[in-house]
Amino acid sequence: MKYIFGNWKMYLDFDESNILANALLQEKFDENNLKLAIFPSALAIREVIMAMENSAFSVGAQNVSWVEKGGYTGAISAQMFLNVGSEYALVGHSERRHIFGETDEDVRKKLQACLEIGLTPVLCIGEKKEEKDSGLRNTCLQRQLAVLAGLDLKNKEILIAYEPVWAIGTGNACDPVEAEQVHHWIKEELKKYSGQEIPILYGGSVKAENVISYVSLPAIDGVLVGGASAKFETFVSIIKKVEEII
Ligand code: 13P
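Owing to the predicted nature of the structure, the values given are computational and were not obtained by experimental measurement.

**Student:** Help me understand the site of the ligand, please; the structure alone is not making it clear to me.
**Tutor:** The local shell around the ligand holds 13 residues, among which K9, H93, E163, G169 and S205 are the closest. Interatomic distance of 2.8 Å between a side-chain N/O atom of K9 and an oxygen atom of the ligand. Between the ligand and G169 there is a distance of 2.6 Å, counted from an oxygen atom to a backbone nitrogen or oxygen. Here the shell around the ligand is composed, by residue class, of 4 nonpolar, 7 polar and 2 charged.

**Student:** So what exactly am I meant to see when it comes to the packing of aromatic side chains here?
**Tutor:** For the coordinates displayed, the defined rule picks out 8 aromatic pairs. Look at F5 and F39: their rings are 5.7 Å apart centre to centre, the planes differ by 45 degrees, and that puts the pair in the tilted class. Of this pair, F5 sits in strand β1 (residues 2–7) while F39 is found in strand β2 (residues 34–39), placing the two residues 34 residues apart along the sequence. As far as burial versus exposure is concerned, F5 and F39 are alike and both buried. With 6.4 Å between their ring centres and 45 degrees between their planes, F57 and F235 make a pair best called tilted. Of this pair, F57 sits in strand β3 (residues 57–61) while F235 is found in helix α10 (residues 232–245), placing the two residues 178 residues apart along the sequence. In this pair, the class of F57 matches that of F235, namely buried. Three or more aromatic residues link up through ring pairs in this structure, and these residues are Y3, F5, F39 and Y88. One Lys or Arg, R96, reaches over the ring of F100 and ends 4.1 Å from the middle of that ring.

**Student:** Explain the pairing of strand β5 (residues 120–125) here, please?
**Tutor:** For a regular strand, the rule is simple: side chains alternate between the two faces of the sheet. In terms of burial, β5 is a largely internal element, 6 of the 6 residues being buried. Relative to β5, strand β4 (residues 88–91) is paired through 4 bridges, and the arrangement is parallel. Residue A89 lies in a different strand from β5, and its bridge partner there is P121. Where β5 and strand β6 (residues 159–162) come together, 4 bridges link them in parallel fashion. Counted as the bridge partner of C124 is A161 from β6.

**Student:** Would you take a moment to explain the packing of helix α1 (residues 14–25) against helix α2 (residues 45–52) for this structure?
**Tutor:** The relative placement of two packed helices comes down to the angle between their axes together with the axis-to-axis distance. Axis separation between α1 and α2 bottoms out at 10 Å; the angle between their running directions is 15 degrees. Relative to α2, the element α1 lies roughly parallel. Helix-helix and strand crossings are classified by hand; for α1 and α2 the assignment is right-handed. Along the contact surface, α1 presents F14, S17, N18, A21, N22, L24 and L25, while α2 presents E47, V48, A51 and M52. Within the contact of α1 with α2, the residues separate by chemical class into 7 nonpolar, 3 polar and 1 charged.

**Student:** Looking at this structure, how should I read the side chain of E180?
**Tutor:** For E180, the position within the fold is in helix α8 (residues 176–190). Among buried charged residues, E180 stands out as having no salt bridge; its nearest opposite-charge side chain is K2, 7.7 Å away. Other than its neighbours up to four places away in sequence, E180 contacts L217, P218, A219 and I220.

What counts and how
Residues numbered from 1 in each chain as written. Predicted model: local features only at pLDDT ≥ 70, side-chain atom pairs only at ≥ 80, totals over all residues. Heavy atoms only, no water. Near = heavy atom within 4 Å. Polar contact = N/O pair within 3.5 Å; in protein donor to acceptor, adjacent residues only side chain to side chain. Nonpolar A, V, L, I, M, F, W, Y, C, P; charged D, E, K, R; others polar. Phe/Tyr/Trp six-rings, centres within 6.5 Å; stacked < 30°, edge-to-face > 60°. Helix = DSSP H or I, 4+ residues; strand = E, 2+ residues; numbered from the N terminus. Buried < 20%, exposed > 50% of the residue type's maximum accessible area, 1.4 Å probe, protein only. Lys NZ or Arg CZ within 6 Å of the ring centre and 35° of its normal. Pairing = 2+ DSSP bridges. Axes fitted to C-alpha atoms, helices over the stretch in contact; angles between N-to-C directions. Parallel < 35°, antiparallel > 145°, perpendicular 65-115°, else oblique. Left-handed = near helix turned anticlockwise from the far one by under 90°. Contact = heavy atoms within 4.5 Å. Lys, Arg positive; Asp, Glu negative; His and termini not counted. Salt bridge = Lys/Arg side-chain N within 4 Å of Asp/Glu carboxyl O.

See the structure below:
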């Protein structure tokens, strides 16, 4: 099973999201060997979930609030996303951490909220260029993974996305062999927190031209695609490329 998840970020408005969702519906994909999911904006998610019902695609939220309800202007809770049919939620995406100032403690609370209600979290981790250059990659990832301590992961589904910050939206994708080494390291680190096998996706400048170099490696369970997932041709060509090798 390989995972191909598409994070549409804030690239598409309501109409554009629905147009892309409906275009994806016209295609046939290998549902037995692929796990496909899209992450539209909160504005479009309900419409996209309804369109994707009975399709190969699951739908997830890009961000959630850990509080269920209340005076939190602008926020949407994990529970509210679950109520409209979301299956997944991205938690701790680098853009949330570095543009919106989300802390590890925020990430921990969001993970906990998702796990408690049955929304599958995709915990996004990744080091900045300065951290990589100064040999602090593992220290950073270790800190970001430490939010899993104390969470009840038993029989819960959770995924990790390794997305080096310097590779996101830059065209400077991580060397696949290097990414696989990091995935191996993450798998070892995860043993501190869970006895279960947790899938790890790679994200950062994935496109049709390089996707095979990642998904053909055993420690890379799939990809989390940003920019290239928000356009029909590029997203479909990524999925078709992966279908050729599974
Ligand atoms: P890009 O594929 O645009 O580099 O984005 C990756 C990402 O952030 C997915 O969550």
